[in-house]
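If you want the building blocks of each chain, they are given just below.
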Amino acid sequence: MLTIDCKDVASIKSELVVYVSDQVAAIPTLKINEFMLSTLDDQIIDKNMVITAIKEFLESIGEGRNFAVISNNNVISIKSISGKIIERDPTPSSDMFSCTHCGFVTRYEIELQNHMKIHYL
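Conventions used here
Residues numbered from 1 in each chain as written. Predicted model: local features only at pLDDT ≥ 70, side-chain atom pairs only at ≥ 80, totals over all residues. Heavy atoms only, no water. Core = buried A, V, L, I, M, F, W, Y, C linked by side-chain atoms within 4.5 Å. Buried < 20%, exposed > 50% of the residue type's maximum accessible area, 1.4 Å probe, protein only. Helix = DSSP H or I, 4+ residues; strand = E, 2+ residues; numbered from the N terminus. Contact = heavy atoms within 4.5 Å. Salt bridge = Lys/Arg side-chain N within 4 Å of Asp/Glu carboxyl O. Pairing = 2+ DSSP bridges. Phe/Tyr/Trp six-rings, centres within 6.5 Å; stacked < 30°, edge-to-face > 60°. 1 Å grid on protein atoms, 1.4 Å probe; cavity = no way out; pocket = protein on both sides within 12 Å on 5 of 7 lines; lining within 4 Å. Points joined across faces, edges and corners; volume = space filled by probe spheres on them. Nonpolar A, V, L, I, M, F, W, Y, C, P; charged D, E, K, R; others polar.

Grouped together as the largest cluster of nonpolar side chains are 24 residues, with contacts concentrated most on Ile4, Leu16, Val20, Leu37, Val50, Ile54 and Ile78. Among the elements of the structure, strand E1 (2–5), helix H1 (13–24), strand E3 (34–38), helix H2 (47–60), strand E4 (67–72) and strand E5 (75–80) are those that each provide at least two residues to this core. In contact with Ile78, not counting residues within four places along its chain, are Ile4, Asp5, Cys6, Asp8, Val9, Leu16, Ile54, Leu58, Phe67 and Ala68.

To continue, consider the pattern of salt bridges. Summed over all chains, the structure comprises one salt bridge. A salt bridge links Lys79 to Asp5, with the nearest nitrogen and oxygen atoms 3.8 Å apart. Of this pair, Lys79 sits in strand E5 while Asp5 sits in strand E1; the two residues are 74 residues apart in sequence, bridging distant segments of the chain. Judged by its relative accessible area of 10%, Asp5 is buried.

Further remarks concern the pairing of strand E2 (residues 27–30). Summarising the sheet, E2 and E3 pair through four bridges and their orientation is antiparallel. Note that in E3 the partner of Leu30 across the bridge is Phe35. Between the antiparallel neighbours E2 and E3 lie three residues.

This structure, assessed with the given rule, holds one aromatic pair. Both rings, one in Tyr19 and one in Phe57, keep their centres 5.8 Å apart while their planes meet at 40°; by these two values the pair is tilted. Of the two residues, Tyr19 sits in helix H1 while Phe57 sits in helix H2, which places them 38 residues apart along the sequence. For Tyr19, a relative accessible area of 26% corresponds to the partly exposed category.

Here the focus is the pairing of E1. Side chains of E1 alternate between two faces, with Leu2 and Ile4 and Thr3 and Asp5 buried alike. Pairing between E1 and E3: four bridges, direction antiparallel. Bridge assignment links Thr3 to a residue of E3, and that residue is Met36. Both E1 and E5 contribute to a ladder of three bridges, which runs parallel. Paired with Ile4 across the two strands is Ile76, which belongs to E5.

Attention now goes to the layout of surface pockets. A water-sized probe rolled over the atoms picks out the places where empty space is left. Reported here for the second largest pocket is a volume of approximately 160 Å³. Lining the second largest pocket are Val17, Val18, Ser21, Asp22, Ala26, Pro28, Gly103, Phe104 and Val105. The dominant element in the lining of the second largest pocket, judged by the number of residues it contributes, is H1, at four residues. Of the residues belonging to the lining of the second largest pocket, the class tally is six nonpolar, two polar and one charged.

So this is what it looks like as structure tokens:
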């Protein structure tokens, strides 16, 4: 399980978690200033792939030169180089619903309810 510290890029955390988890085929778990990535079969997630995906995302929004991606054991931190913080209107956390069993994320409560039924079959 990897933890990605997003304090300096909190306003884009939701977009970042979707991109990174798709790139490395991992299950995300959202927290306030960070997210965690894991797999269903507890395989080790390649940190280099995660770092590359984070850097690709930052480059795609034009912020690649303003942030450093630092790995320390099982924690990857995204730190501002110049003290600049990305200012965007964050997506309200109440608009996102997450499955407590596997980390599936959706904007629709009914979709989450239907998804959670598969865990009880």
